[in-house]
Amino acid sequence: VQMSLDGIHPTYPFMLALSQATTERLLHKALVETGGEVERGIEMTACRNVGDRAEAVLQRAGGGGQETVEVPWLLAADGAHSIARHQLNVGFPGSTFKDEWYLADACLKTTLSEDYGHVFFFDRGAFLFLIRVVDDIRNEDPSRPVWRILGNRPAPLSYLVDGELIGEPLWSSNFHVSHRIDSQLSAGQVYFAGDAAHIHSPMGARGMNLGIEDACVFAQLAVQGRLTEYSDLRHPVDARVVRQVEFFSRLVSEDTWYFDLIRRYVFPTLIKTPLQARIKQTVTGLDHELPADLTVAANCCAERRSPAA
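Keep in mind it's a predicted model, so treat the numbers as computed, not measured.

## What to know about the overall build of the protein chain
Here comes step 1: When you go through the protein chain residue by residue, the secondary structure sums to 7 helices and 15 strands.
Here comes step 2: Once local pairs closer than 6 in sequence are excluded, the contacts in the protein chain between residues at least 24 apart make up 67%.
Here comes step 3: Accessible surface for the protein chain amounts to roughly 16100 Å². Of this, 54% is attributable to carbon and sulfur atoms.

## Some details on the side chain of His200
Here comes step 1: Here His200 is to be found in the loop between strand 15 (198-199) and helix 3 (206-223).
Here comes step 2: Residue classification places His200 among the buried positions, given a relative accessible area of 15%.
Here comes step 3: Apart from residues no more than four positions distant in its own chain, His200 is found in contact with Ser178, His179, Arg206, Gly207, Val241, Val242 and Val245.

## Focus on helix 3
Here comes step 1: The terminal C-alpha atoms of helix 3, which comprises 18 residues, lie 26 Å apart, in line with the 26 Å expected from a rise of 1.5 Å per residue.
Here comes step 2: When we look at burial in helix 3, the residues that qualify are Arg206, Asn209, Leu210, Gly211, Glu213, Asp214, Cys216, Val217, Phe218, Gln220 and Leu221.
Here comes step 3: Positive phi appears at Gly225, one or two residues downstream of helix 3, with a value of about 70 degrees.

## Re the packing of helix 3 against helix 4 (residues 230-253)
Here comes step 1: Where helix 3 meets helix 4, the closest approach of the two axes is 11 Å, and the angle between their N-to-C directions is 170 degrees. In terms of their interaxial angle, helix 3 and helix 4 are classed as roughly antiparallel. On helix 4, the residues touching Arg206, Leu210, Glu213, Asp214, Val217, Phe218 and Leu221 of helix 3 are Tyr230, Leu233, Arg234, Val237, Asp238, Val241 and Val245.
Here comes step 2: Of the residues assigned to the contact of helix 3 with helix 4, the class counts are 9 nonpolar, no polar and 5 charged.

## Notes on a nonpolar patch on the surface
Here comes step 1: A contiguous nonpolar surface patch, about 610 Å² in accessible area, is contributed by Trp257, Tyr258, Leu261, Tyr265 and Val266.
Here comes step 2: Along the chain, Leu261 turns up in helix 5 (residues 257-270).
Here comes step 3: Note on Leu261: relative accessible area 40%, which makes it partly exposed.

## What to know about the side chain of Arg226
Here comes step 1: Mapped onto the fold, Arg226 is located in the loop between helix 3 and helix 4.
Here comes step 2: Here the side chain of Arg226 touches Glu229 through a polar contact of 2.9 Å, side chain to side chain.
Here comes step 3: Excluding its chain neighbours within four sequence positions, the residues that come into contact with Arg226 are Leu221, Asp293 and Leu294.

## What about the sheet that holds strand 5 (residues 66-71)?
Here comes step 1: Spatially, 3 strands are ordered 3-4-5 in an open sheet, and the strand pairing comes out antiparallel. The sheet is open, and its two borders are formed by strand 3 (42-50) and strand 5, each paired with just one other strand. Pairs of neighbouring strands in the sheet enclose a mean axial angle of 20 degrees, with direction left out of account.
Here comes step 2: In this structure, strand 4 (residues 53-60) lies alongside strand 5, joined through 6 bridges in antiparallel fashion. Along strand 5, the bridge assignment pairs Glu55 with Glu70.

## What about the pairing of strand 9 (residues 127-134)?
Here comes step 1: Taking burial as the measure, the 8 residues of strand 9 include 7 buried ones, the bulk of the element.
Here comes step 2: Sheet topology note: the strand 2 (residues 17-18)/strand 9 ladder contains 2 bridges and is parallel. In the strand pairing of strand 9, Ala17 is matched with Val133.
Here comes step 3: The pairing of strand 8 (residues 117-121) with strand 9 spans 4 bridges and is antiparallel.

## Some thoughts on the pairing of strand 7 (residues 94-109)
Here comes step 1: Of the pairings in the sheet, the one linking strand 7 to strand 12 (residues 171-181) comprises 9 bridges and is antiparallel in character. Within strand 12, the residue paired with Ser95 across the bridge is His179.
Here comes step 2: Sheet topology note: the strand 7/strand 10 (residues 146-151) ladder contains 6 bridges and is antiparallel. The partner of Tyr102 across the bridge, within strand 10, is Gly151.
Here comes step 3: Across 2 bridges, strand 7 lies against strand 11 (residues 164-165) in antiparallel orientation. Residue Leu108 lies in a different strand from strand 11, and its bridge partner there is Leu165.

## Things to note about the confidence of the model for the protein chain
Here comes step 1: Chain-level statistics for the protein chain give a pLDDT mean of 85 and a share of 89% at 70 or above.
Here comes step 2: Per-element mean pLDDT across the protein chain ranges from 47 in helix 7 (residues 295-304) up to 98 in strand 14 (residues 190-192).
Here comes step 3: Counting interchain partners and residues more than four positions distant, the pLDDT-below-50 stretch residues 296-309 has 38 contacts.

Rules and cut-offs
Here, residues in each chain are numbered from 1, in the same order as that chain's written sequence. Only residues with pLDDT of at least 70 are given local features in this predicted model, and only at 80 or more are side-chain atom pairs given and counted; all residues enter the totals for whole chains, interfaces and linings. To obtain the side-chain values, all non-hydrogen atoms of the structure were included, while hydrogens and water were left out. Think of it this way: any DSSP run of H or I at least four residues long counts as a helix, any run of E at least two long counts as a strand, and we number them from the N terminus. We call two residues in contact whenever any of their non-hydrogen atoms come within 4.5 Å of each other. Per-residue and other accessible areas follow the Shrake-Rupley method at a 1.4 Å probe size, with only the shown protein chains counted as cover for residues. Note on classification: 1.4 Å probe, protein chains only; a residue is buried when its accessible area is under 20% of the maximum for its type, exposed when over 50%, partly exposed between these limits. To estimate how far a helix should extend, the number of its residues minus one is multiplied by 1.5 Å. To obtain an axis, a line is fitted to C-alpha atoms, over the contacting stretch when the element is a helix, and the angle between two such axes runs from 0 to 180 degrees between their N-to-C directions. We call two directions roughly parallel when the angle between them is under 35 degrees, roughly antiparallel when it is over 145, roughly perpendicular when it lies between 65 and 115, and oblique otherwise. Residue polarity follows a fixed list, in which Ala, Val, Leu, Ile, Met, Phe, Trp, Tyr, Cys and Pro are nonpolar, Asp, Glu, Lys and Arg are charged, and the others, Gly among them, are polar. For patch detection, residues must exceed 30% relative accessible area and be free of salt bridges, and they are connected within 9 Å for like charges or within 5 Å for nonpolar side chains (Val, Leu, Ile, Met, Phe, Trp, Tyr). Each salt bridge in this description consists of a side-chain nitrogen of Lys or Arg and a carboxyl oxygen of Asp or Glu lying within 4 Å of one another. By the criterion applied in these results, polar contacts are pairs of N or O atoms within 3.5 Å in which, for protein atoms, one can donate a hydrogen and the other can accept it, and in which residues neighboring in sequence qualify only through two side-chain atoms. A pair of strands is labelled paired if DSSP reports no fewer than 2 bridges between them. By definition, pLDDT measures how confident the predictor is in each residue, and it falls between 0 and 100.

Printed below as a string of structure tokens:
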């Protein structure tokens, strides 16, 4: 199955995946240009509310010592295993798939279009998703295009239908898929964003963009002195995305007669109907508007509202 993104965005009518290295470089460059600074090798080991302020204990790598900082508020974006979430006893309800999923970046010789994402369905809920990956640091050889391969069975490259591996994979990983969201996105003066607030499968590549949107909205609320509204504004949006991504993840991977029927007969027809527009909006993150009064946040998030992974 393949789906065109023509018409989904006036500037970016295609699907594009950037390498992790390229993404980090671009974000770092943008932060530095606005006067920001990234401090590396620092871990938050403790977090709590102290009166109407937040306190965090920071540990520097290599025996650099500890530092305790007290701030008016703290935005915890410290990952799926968030220290802040654990220490403030914020619930993280949801579910975890039983089987692992697998990722690999590899050079492929293939006739697949580079402007599409491609999904192949196999028996018993096995699937393979392929998308072209761009790395502007690596000076890629056009004869060795890099593709990202996602599957829910071991050795996903062995499932290649239209593709021949060139050399060894550049990178590979396996992981458990969970769909969870914090019971609330704030606890006192500590607020949650990104993977510390919500996690889901990589279907649709919504994770990073949703976290950036959290940060955009948070920044504007902070400027306007409206941080008490953050959880009420973001939790419904984030929760809806997690539910939608979970449904699509189960649709492509669960070994049940119900989802097998949809994969075989319903889905190929569905993407040829007007309903495909809704599917496109979901997987590209264009399925909701931001609050109209958060003009700065809306503008900054508009910059990321493209179907890029």
